[in-house]
There are 2 protein chains.
Amino acid sequence: MSIRVPFETVKATIKQAFLNEGIPEDVAEECARTHAETSLDGVESHGLNRVPRFVDYVRRGWVDPAAKPELVGGKGAVECYDGHLGPGITNARFAMSRACELAREHGIGCVSLRNTTHWMRGGTYAWQAAEAGLIGICWTNTESSMPLWGSTECGVGNNPFCMAIPREKGPIVLDMAMSQYAWGKVGVYRLAGKDLPYPGGFDAQGNLTSDPAAIEQTRRILPTGYWKGSGMAIALDLAAAAMAAGKSGADMDREGRGSCTGACQIFIAYDPYLFGEHDAIQAMFDDRVAAADATAPANPAHPVTCPGERTTATRERNLAEGVVVDEAIWQQVCELAEGTSEGIEDLSSVDVNKK
Amino acid sequence: MSIRVPFETVKATIKQAFLNEGIPEDVAEECARTHAETSLDGVESHGLNRVPRFVDYVRRGWVDPAAKPELVGGKGAVECYDGHLGPGITNARFAMSRACELAREHGIGCVSLRNTTHWMRGGTYAWQAAEAGLIGICWTNTESSMPLWGSTECGVGNNPFCMAIPREKGPIVLDMAMSQYAWGKVGVYRLAGKDLPYPGGFDAQGNLTSDPAAIEQTRRILPTGYWKGSGMAIALDLAAAAMAAGKSGADMDREGRGSCTGACQIFIAYDPYLFGEHDAIQAMFDDRVAAADATAPANPAHPVTCPGERTTATRERNLAEGVVVDEAIWQQVCELAEGTSEGIEDLSSVDVNKK
């Protein structure tokens, strides 16, 4: 069951939960704001829902909430940082912020981060670049959670890739994981007794299926675009690990710590007005998006949109009416904030995102 | 019907066809080599098969074979060139070569190219970076050829995205278009009277289908990963057009010239040894790829591989046994080389790629 809770209540409750764990005030503030804003944008799976798991990781020592990113080295528009297992959110926000500064100075900026932790919603940092007026590209590697195309066992991470365009009428933001459906989404459909809208994995007979229980049984979740998402996932992993001189997904598999513990992440920012006038570039963005959105919808009730366009509307509605939260997870976070929680049960695979 | 023709014969024949069109010798050599090498690697759709169309574009004035890329401006690791509608292959090879030079100097190099033409196989330039020892990323925008997710009419280009990892035991190279199947592939299956292996578009009732004729009828080809490939295609278009301050896909649609005429392309190279030792990075690549390849195959006859790994074997076999060419297209190119061709029929939608 989902309920609506005012944004400020969500944020303050998460922050108190973090403060109770001894997380420094500035880190608690930034992480709580990002978790709350992620749910505000309708991506509950990586917002409120990940708070208990983050607390769990802090308690296990997989995240060091006091660690700060440290410069490993740099050359021109490129810098590399060691995240020292600090919070994924603060490490990643810092890295994209540096990439933006480098882009303002050099035209392009590229920051690589190693030994970091789960950044929650990858789109956060693409939005960050777009809100700073820059094109942003970012990706992370992760432990293996998906079989490569043609394989029956997990061999590659579901490494998300994000890209943002700073359109002033509303950024266009791609936030794309490499499996067709997140594991959490598969669980939601199973609990609801529904099939997935499109095939999302393989059954025990090796056939594509939309039956979520069959996919959970084989653990053969489907790469997006079959061989394409599989190939992109391994390429992103190799590139991230080399660019940050850090761990690959295979290294993380051997260490067997929490999701994304020790991951490498890449943040690229680019000044879109290097070779074109501001107004001309913005007019091109508006024209391109308008042409896409003007194509005939398959269902007249669902106009065609570009990624990110609907997020602003979701954000405004949730600000006015309250953030949609899963009742069980909200209860758990409230207990963490009240200090009445005994242990942590990770409910985050219950993805209440209704998108 | 396909036959095998020695690589040097394929290359020399294509080159003669180009020389007959008045294409300068150095351009004819580089373009012929790239078309022939693309077929050699097993990607006939963008190799030999595109030769007649390229000649057609030259005759129509959509490609200026004598044009050279001209520097628009630069800042640090970034440069922008105007391709002046020169051959897509020579423009793109030049641009990736400059990106590699910039990467050696600055750690990263980013070259944007506007007013260029069809680059044929995008993977060519990713391979180029990998063979130079660098990580390469490149993409292009194109005219609309695919409906956005939720739309019934073409509204976005099938903009390919490529990524290469310079693994010395064999590069890992992703070359990924944004539709699940190329139009050419759909035609091949229809001609063969076969269904596509997986759904590749929508039928007249708006249902996903594997029937190639039904997809050709609606023109609703499927974005790879449904909403994901759709979103990535529009993000790549906007980014390319801004970074090169050039035409978007919507601009190209309005001009209605040949495929990719006036396109923008982005070439990024990155030095993988900036922050890690050469041997350690190569060992990480080998370890990561080995772990992926060691996962259990769904079909024991088809070992799990990473993208690019099988290309080297295909190349060696085709060098030894001859390049696989479609007989009708080969005949057409031979006539262009002999100067006996009257007109040009574009057969390139007959994709003889058997992969």
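Residues numbered from 1 in each chain as written. Chains lettered and ligands numbered in written order. Predicted model: local features only at pLDDT ≥ 70, side-chain atom pairs only at ≥ 80, totals over all residues. Heavy atoms only, no water.

## Section: the overall build of chain A
Counting its regular elements, chain A contains twelve helices and 13 strands. Taking the principal axes of its C-alpha atoms as reference, chain A extends roughly 55 × 50 × 45 Å. Within the span of chain A, comprising 355 residues, buried residues form 63% of the whole. The long-range fraction of contacts in chain A, counting pairs at least 24 apart against all pairs at least 6 apart in sequence, stands at 65%. With an accessible surface of roughly 12400 Å², chain A has 49% of that area assigned to carbon and sulfur atoms. Taken as two groups, the 32 positive and 46 negative side-chain charges of chain A have centres that lie 2 Å from each other. (Helix = DSSP H or I, 4+ residues; strand = E, 2+ residues; numbered from the N terminus. Buried < 20%, exposed > 50% of the residue type's maximum accessible area, 1.4 Å probe, protein only. Contact = heavy atoms within 4.5 Å. Areas by Shrake-Rupley, 256 points an atom, 1.4 Å probe, with all protein chains shown as cover. Lys, Arg positive; Asp, Glu negative; His and termini not counted. Charge placed at Lys NZ, Arg CZ, Asp CG, Glu CD.)

## Here we look at helix H3 (residues 51-60) of chain A
All names here are of chain A. Counted residue by residue, H3 has eight buried out of ten residues, so it is predominantly covered. Residues of H3 that are buried make contact with helix H1 (7-20), helix H2 (25-40) and helix H12 (327-338). Following H3 by one or two positions, glycine 61 has its phi on the positive side, about 85°.

## Some points on the relation of the copies chain B and chain A
By a simple turn and slide, chain B fits onto chain A: the slide is 0.0 Å along the axis, the RMSD is 0.0 Å, and the turn is 180°. The transformation relating the two chain copies, once decomposed into turn and shift, fits a two-fold axis. Rotation axis and chain B: the residue whose C-alpha lies nearest the axis is B:Gly225, separated from it by 2.1 Å. (Least-squares fit on C-alpha atoms with pLDDT ≥ 70 in both.)

## Focus on the pattern of salt bridges
Residues and elements named next belong to chain A. Per the stated rule, a full pass over the model turns up 51 salt bridges over all chains. A salt bridge links arginine 254 to aspartate 251; the nearest nitrogen and oxygen atoms lie 2.8 Å apart. A residue pair is termed a helical-turn pair when its members lie 3 or 4 positions apart in one helix, as arginine 254 and aspartate 251 do in helix H9 (residues 249-255) at three residues. Three or more residues are tied together by salt bridges with common partners; here these are Lys11, Lys15, Glu25 and Glu29. (Salt bridge = Lys/Arg side-chain N within 4 Å of Asp/Glu carboxyl O.)

## Some remarks on the sheet that holds strand E8 (residues 161-165) of chain A
Residues and elements named next belong to chain A. Reading across from one edge, E2-E3-E4-E12-E5-E8-E9 is the order of the seven strands in this open sheet, with mixed pairing throughout. A single partner strand is all that each edge strand has here, and the edge strands are strand E2 (70-75) and strand E9 (172-176). Strand after strand, the sheet turns through a mean of 10° between neighbouring axes, direction not considered. Pairing analysis gives seven bridges linking strand E4 (residues 108-116) to strand E12 (residues 263-270), with the strands arranged antiparallel. The residue bridging serine 112 from the neighbouring strand is isoleucine 266, located in E12. (Pairing = 2+ DSSP bridges. Axes fitted to C-alpha atoms, helices over the stretch in contact; angles between N-to-C directions.)

## Focus: the nonpolar core
Across soluble globular proteins, you tend to see nonpolar side chains buried next to one another. Counting residues in hydrophobic clusters, the biggest one holds 95 residues, and the most contacted among them are A:Trp139, A:Phe161, A:Met232, B:Trp139, B:Phe161 and B:Met232. What B:Phe161 contacts, discounting residues up to four positions off in sequence, is A:Phe161, A:Met232, B:Ile137, B:Cys138, B:Trp139, B:Leu174, B:Asp175, B:Met176, B:Met178, B:Met232 and B:Leu236. (Core = buried A, V, L, I, M, F, W, Y, C linked by side-chain atoms within 4.5 Å.)

## Section: the packing of helix H2 (residues 25-40) of chain B against helix H4 (residues 88-106) of chain B
All names here are of chain B. Where H2 meets H4, the closest approach of the two axes is 9 Å, and the angle between their N-to-C directions is 90°. One element, H2, and the other, H4, form an angle in the roughly perpendicular class. Where H2 approaches H4, its residues Val27, Glu30, Cys31, Arg33, Thr34, His35 and Glu37 are matched on the opposing element by Ile89, Thr90 and Arg93. (Parallel < 35°, antiparallel > 145°, perpendicular 65-115°, else oblique.)

## Topic: the state of the cysteines
Residues and elements named next belong to chain A. Considering all chains together, one arrives at zero disulfides over all chains under this definition. No disulfide involves cysteine 154; its sulfur sits 14 Å from the nearest other cysteine sulfur, which is in cysteine 260. Between cysteine 260, a free cysteine, and cysteine 264, which holds the nearest cysteine sulfur, the sulfur-to-sulfur gap is 11 Å. (Disulfide = S-S within 2.5 Å.)

## Observations concerning unusual backbone geometry
One non-glycine residue, A:Met120, lies in the positive phi region at around 65°. Of note in the backbone geometry, B:His84 takes a positive phi value of approximately 50° without being a glycine.

## Section: the environment of B:Val78
Counting through the fold element by element, B:Val78 comes out in strand E3 (residues 78-82). Put simply, B:Val78 and B:Ser112 are 34 residues apart on the chain and 7.9 Å apart in space, counted from C-alpha to C-alpha. With sequence-adjacent residues up to four places away left out, B:Val78 is seen in contact with A:His106, A:Gly107, A:Ile108, A:Tyr270, A:Leu274, A:Phe275, B:Gly73 and B:Cys110.

## A word on the interface of chain B and chain A
Taken together, the 87 residues of chain B in the interface contact 87 residues of chain A. Where chain B meets chain A, there are four salt bridges. Two residues, A:Asp237 and B:Arg288, come together in a salt bridge whose shortest N-O distance is 2.5 Å. On inspection of chain B and its partner chain A, the count reaches 26 residue pairs in polar contact (both at pLDDT 80 or more). (Polar contact = N/O pair within 3.5 Å; in protein donor to acceptor, adjacent residues only side chain to side chain.)

## What to know about the packing of aromatic side chains
As enumerated under the stated definition, the model contains 31 aromatic pairs over all chains in all. Seen in terms of ring centroids, B:Phe18 and B:Phe54 are 5.1 Å apart; in terms of plane orientation they differ by 65°. Their pairing is edge-to-face. On the criterion of sequence distance, the pair formed by B:Phe18 in helix H1 (residues 7-20) and B:Phe54 in helix H3 (residues 51-60) is long-range, its members being 36 residues apart. On the accessibility criterion, B:Phe54 (5% relative accessible area) is buried. With 5.5 Å between their ring centres and 70° between their planes, B:Trp149 and B:Tyr226 make a pair best called edge-to-face. One end of the pair, B:Trp149, is in the loop between strand E6 (146-147) and strand E7 (154-156); the other, B:Tyr226, is in the loop between helix H7 (212-218) and helix H8 (227-243), and 77 residues separate them in sequence. Clustering of aromatic rings is evident, with ring pairs tying together A:Trp149, A:Phe202, A:Tyr226, A:Trp227, B:Tyr181 and B:Tyr198. Lying across the ring of A:Trp127, A:Arg315 places its NZ or CZ 4.7 Å from the centre. (Phe/Tyr/Trp six-rings, centres within 6.5 Å; stacked < 30°, edge-to-face > 60°. Lys NZ or Arg CZ within 6 Å of the ring centre and 35° of its normal.)

## Quick notes on the side chain of A:Thr116
Residues and elements named next belong to chain A. Residue placement: threonine 116 occurs in strand E4. For threonine 116, a relative accessible area of 0% translates into the label buried. The contact partners of threonine 116, leaving out residues within four places of it in the chain, are Leu85, Gly86, Gly88, Asn91, Cys260, Thr261, Gly262, Ala263 and Gln265.

## Some thoughts on the pairing of strand E5 (residues 135-140) of chain A
Residue and element names in this part refer to chain A. Of all six residues making up E5, six are buried, and the element is well covered by its neighbours. Here E5 shows no split at all, with Ile135, Ile137 and Trp139 on one side and Gly136, Cys138 and Thr140 on the other all buried. Summarising the sheet, E5 and E12 pair through six bridges and their orientation is antiparallel. Counterpart to cysteine 138 in the pairing with E12 is phenylalanine 267.

## Some thoughts on the environment of B:Pro303
Along the polypeptide, B:Pro303 turns up in the loop between helix H10 (278-293) and helix H11 (309-321). A C-alpha to C-alpha distance of 7.2 Å links B:Pro303 and B:Asp293, two positions ten residues apart in sequence.

## Remarks on the sheet that holds strand E5 (residues 135-140) of chain B
Neighbouring strands of a sheet are bound in pairs by backbone hydrogen bonds; such pairs are parallel or else antiparallel. Residues and elements named next belong to chain B. The strand order across the open sheet formed by seven strands is E2-E3-E4-E12-E5-E8-E9, and the pairing between neighbours is mixed. Pairing within the sheet leaves two strands with one partner each, and these edge strands are strand E2 (70-75) and strand E9 (172-176). Sheet twist, expressed as the mean angle between neighbouring strand axes with direction ignored, is 10°. Pairing of strand E8 (residues 161-165) with E9 involves five bridges; the strand directions are antiparallel. Residue pairing across strands places alanine 164 opposite valine 173, the latter belonging to E9.

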